[in-house]
Amino acid sequence: MIVIVEDLLRDFIKSRLNATIANPDIIDEVFGYSNTEFIAASKGYITNTEIRVTLGYPRDRSSIPCYCILLGQENEETGALGDVMGSYLEDEIPANFEGGIHSGTVFGFNYRIECWSENGDLSVFMYHLLKYFVLKGRVELSEFGLISPTITGGDIEPLTDLYPSFVYRRAFILSGKVDNTFVSERNTGRIERIKVEMKGV
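Residues numbered from 1 in each chain as written. Predicted model: local features only at pLDDT ≥ 70, side-chain atom pairs only at ≥ 80, totals over all residues. Heavy atoms only, no water.

Considering the overall build of the protein
Part 1 of the argument: Looking only at helices and strands, the protein has six helices and five strands in total.
Part 2 of the argument: Mapped in sequence order, the helices and strands of the protein form the string α-α-α-β-β-β-α-α-β-β-α.
Part 3 of the argument: Looking at the 201 residues of the protein, the share that counts as buried comes to 39%. (Helix = DSSP H or I, 4+ residues; strand = E, 2+ residues; numbered from the N terminus. Buried < 20%, exposed > 50% of the residue type's maximum accessible area, 1.4 Å probe, protein only.)

Quick word on the pattern of salt bridges
Part 1 of the argument: Enumeration according to the criterion identifies 10 salt bridges in this entry.
Part 2 of the argument: Put simply, Asp-7 and Arg-10 hold a salt bridge, and the shortest N to O gap is 2.8 Å. Taken together, the positions of Asp-7 and Arg-10, both in helix 1 (residues 5–22) and three residues apart, correspond to about one turn of that helix.
Part 3 of the argument: The salt bridge partner of Glu-50 is Arg-52, with a shortest N-O separation of 3.8 Å.
Part 4 of the argument: The class of Glu-50 is exposed, set by a relative accessible area of 55%.
Part 5 of the argument: Arg-52 sits in the partly exposed class, given a relative accessible area of 34%.
Part 6 of the argument: Among the charged side chains, a salt-bridge network with shared partners connects Asp-25, Asp-28 and Lys-43. (Salt bridge = Lys/Arg side-chain N within 4 Å of Asp/Glu carboxyl O.)

Comments concerning unusual backbone geometry
Part 1 of the argument: A cis geometry characterises the amide bond from Ile-64 onward to Pro-65, with omega recorded as 5°.
Part 2 of the argument: Position of Pro-65 relative to the elements: it lies in the loop between strand 1 (52–55) and strand 2 (66–77).
Part 3 of the argument: Not every positive phi belongs to a glycine, and Ser-148 is a case in point at roughly 50°.
Part 4 of the argument: Inspection of the secondary structure assignment puts Ser-148 in strand 4 (residues 146–159).

Regarding the confidence of the model for the protein
Part 1 of the argument: Taken residue by residue, the protein gives an average pLDDT of 82. The fraction at 70 or more is 78%.
Part 2 of the argument: Low pLDDT (under 50) marks residues 80–93, which in the prediction has 28 contacts with non-local residues, meaning those over four places away or in another chain. (pLDDT = per-residue confidence, 0-100. Contact = heavy atoms within 4.5 Å.)

Here's the deal with the environment of Ser-123
Part 1 of the argument: Among the structural elements, Ser-123 can be located in helix 4 (residues 120–136).
Part 2 of the argument: The buried category is assigned to Ser-123, whose relative accessible area is 3%.
Part 3 of the argument: For the pair Ser-123 and Arg-169, spaced 46 residues apart in sequence, the C-alpha to C-alpha distance is 6.4 Å.
Part 4 of the argument: Ser-123 has contacts with Cys-115, Trp-116, Ser-117, Tyr-168 and Arg-169, leaving out every residue within four places of it along the chain.
Part 5 of the argument: Here Tyr-168 takes part through its backbone oxygen, which lies 3.0 Å from a polar atom of the side chain of Ser-123. (Polar contact = N/O pair within 3.5 Å; in protein donor to acceptor, adjacent residues only side chain to side chain.)

What about the environment of Leu-174?
Part 1 of the argument: You can see Leu-174 is positioned in strand 5 (residues 167–183).
Part 2 of the argument: Of the residues examined, Leu-174 reaches a relative accessible area of 1% and is grouped as buried.
Part 3 of the argument: When the C-alpha atoms of Leu-174 and Ile-113 are compared, they prove to be 7.6 Å apart, with 61 residues separating the residues in sequence.
Part 4 of the argument: Setting aside residues up to four positions removed in sequence, Leu-174 forms contacts with Leu-9, Phe-109, Asn-110, Tyr-111, Val-134, Pro-149, Thr-150 and Ile-151.

Brief notes about the packing of helix 1 against helix 4
Part 1 of the argument: Contact pair helix 1 / helix 4: the axes reach a minimum separation of 11 Å and the direction vectors enclose 105°. Relative to helix 4, the element helix 1 lies roughly perpendicular. Seen from helix 1, the contacting residues are Phe-12, Ile-13, Arg-16, Leu-17 and Thr-20; seen from helix 4, they are Leu-129, Leu-130, Phe-133, Val-134 and Lys-136.
Part 2 of the argument: For the contact of helix 1 with helix 4, the per-class residue count stands at seven nonpolar, one polar and two charged. (Axes fitted to C-alpha atoms, helices over the stretch in contact; angles between N-to-C directions. Parallel < 35°, antiparallel > 145°, perpendicular 65-115°, else oblique. Nonpolar A, V, L, I, M, F, W, Y, C, P; charged D, E, K, R; others polar.)

Regarding the packing of aromatic side chains
Part 1 of the argument: Throughout the structure, instances matching the rule amount to seven aromatic pairs.
Part 2 of the argument: Here the aromatic rings of Phe-109 and Tyr-111 are separated by 5.7 Å at their centres, their planes lie at 55°, and the arrangement is tilted.
Part 3 of the argument: Residue Phe-109 is classed as buried on the basis of its relative accessible area, which comes to 4%.
Part 4 of the argument: Its relative accessible area of 2% is what places Tyr-111 among the buried residues. (Phe/Tyr/Trp six-rings, centres within 6.5 Å; stacked < 30°, edge-to-face > 60°.)

In structure tokens, the structure reads:
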């Protein structure tokens, strides 16, 4: 099973946004150390502004403000899970067994979730709100299969390509690991070795 991290992140962010829209008082918990003016403005943002979540860059102004989910890098970590996941009992391998072997590997990932808006304050708000979602939702993310997610971030140059819009951007970078499992193609010689090892020959 291949975990599509982009889909998981999109669904996660949307569900957290919807929960915050339904109960704007969550903002008091998120930004409890901020001044009352910022908290009031933040509640106005979340209730009066549609924040979209896109896979890849938005194509036009109508998609802004938004969270853009981008794959920064993905790399396989060799030998992370070994060649075979689990174990077989002798009775579980029929004499004519010619199927594949259940295998798995771990991929390290680096996703950049950019916070786009035409208002610098809103981009800052979106970034810190997303940080709160991930910190609070780490257990949920781990249940989705994301292992040890960590956060970094930083500002990116404003975007002028969508003139007359001036787009403020801040990057939220989520790194971690994910298991990918699959059934390998038939390897008759390997299957025979497993059968022999199971029988103790």
